[in-house]
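Summary of the model geometry
Take a look at the letters that make up each chain.
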Amino acid sequence: LPVRAGFERYGGDAYFDMKWRPVKIVDKGLGALREDGCDPAVTTTPQDAQWERAKFRFRSSLSVLVTLVDHLYGIHLEASNILVTAMREQLSPNHPLRRFLIPFTYHTITINDDARSNLIQPRSMGPRCFAFDDVGLQLAFAAAPSLLVSGVEVS
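Everything in this summary refers to the structure shown in the same document. Within each chain, residues carry numbers counting from 1 in the order of the written sequence. For a predicted model such as this one, the threshold for reporting local features is a pLDDT of at least 70, and the threshold for listing and counting side-chain atom pairs is 80 or more; totals across whole chains, interfaces and linings nevertheless cover every residue. With hydrogens and water set aside, each side-chain value is computed from the structure's full complement of heavy atoms.

**Concerning a nonpolar patch on the surface**
To count toward a patch, a residue needs a relative accessible area over 30% and no salt bridge; like charges are then connected within 9 Å, while nonpolar side chains (Val, Leu, Ile, Met, Phe, Trp, Tyr) are connected within 5 Å. Residue-level accessible areas treat just the shown protein chains as cover; the underlying method is Shrake-Rupley with a 1.4 Å probe. We define a salt bridge as a contact between a side-chain nitrogen of Lys or Arg and a carboxyl oxygen of Asp or Glu at a distance within 4 Å. Taken together, the side chains of Leu 62, Leu 65, Val 66 and Leu 147 define a hydrophobic patch exposed on the protein surface, amounting to about 310 Å² of accessible area. Secondary structure elements are defined from DSSP: runs of H or I of at least 4 residues count as helices, runs of E of at least 2 residues count as strands, and each element is numbered from the N terminus. Tallying contributions element by element places helix α1 (residues 51-90) first for the nonpolar patch, with 3 residues. Note that Leu 147 resides in helix α5 (residues 134-147). Residue Leu 147 is classed as partly exposed on the basis of its relative accessible area of 43%. Classification of residues uses two cut-offs on accessible area relative to the type maximum, computed with a 1.4 Å probe and protein chains only: under 20% is buried, over 50% is exposed, and between them is partly exposed.

Rendered as structure tokens:
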């Protein structure tokens, strides 16, 4: 995904051995974004001089993925909105389930509205937290639904 000038692109896959020790990181985010989409993969191992940089890039990419997709999109824009909407539209104010869920959803609408205003809108605080340019951020949000894992897929 495209990023602002002066930033490196996100990406990378980390591979681990049976004892969960990292053995390599394969990164297609190094270098400029190619128009044909065929970015060369760079493989870095613990013995390589660039290992610390590769680990930092991978951790940064993973942090952005979790923050943008799982937290901002998955929790704020999807799950909590669905829950609050369903509660308000389908359960009466005195329904026991609605009364039970109220403490867990208190202020959800306000928080999500603030998230939209402060973290998602162009030229707000959110886009400044990531290296994405405007197009990259739009593409990241567009890809978010397909990147969410509900738990059924994990075995």
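**Some points on the environment of His 76**
Tracing the sequence through the fold places His 76 in helix α1. Residues His 76 and Ile 111, spaced 35 residues apart in sequence, show a C-alpha to C-alpha distance of 8.1 Å. Excluding residues within four positions of it along the chain, His 76 makes contact with His 71, Asn 81, Ile 111 and Asn 112. Of the polar contacts made by the side chain of His 76, one reaches the side chain of His 71; its length is 3.1 Å. We call two residues contacting when some pair of their heavy atoms lies within 4.5 Å. Here a polar contact is recorded for every N or O atom pair within 3.5 Å, except that within protein the pair must consist of a potential hydrogen donor and a potential acceptor, and residues adjacent in sequence are included only if both atoms are side-chain atoms.

**Quick notes on the nonpolar core**
For this analysis, a nonpolar core means a set of buried residues of the types Ala, Val, Leu, Ile, Met, Phe, Trp, Tyr and Cys, connected via side-chain atoms within 4.5 Å. Counting residues in each nonpolar core, the largest one holds 11 residues, listed as Val 3, Val 64, Leu 68, Leu 72, Ala 115, Phe 130, Ala 131, Phe 132, Leu 137, Ala 140 and Phe 141. Counting residues per element, the ones that place at least two in this core are α1 and α5. In contact with Ala 131, other than residues within four places in its own chain, are Val 3, Arg 4, Phe 7, Glu 8 and Tyr 10. The next biggest cluster of nonpolar side chains, apart from the first, holds 5 residues, and it includes Ala 14, Ile 25, Ala 54 and Phe 58.

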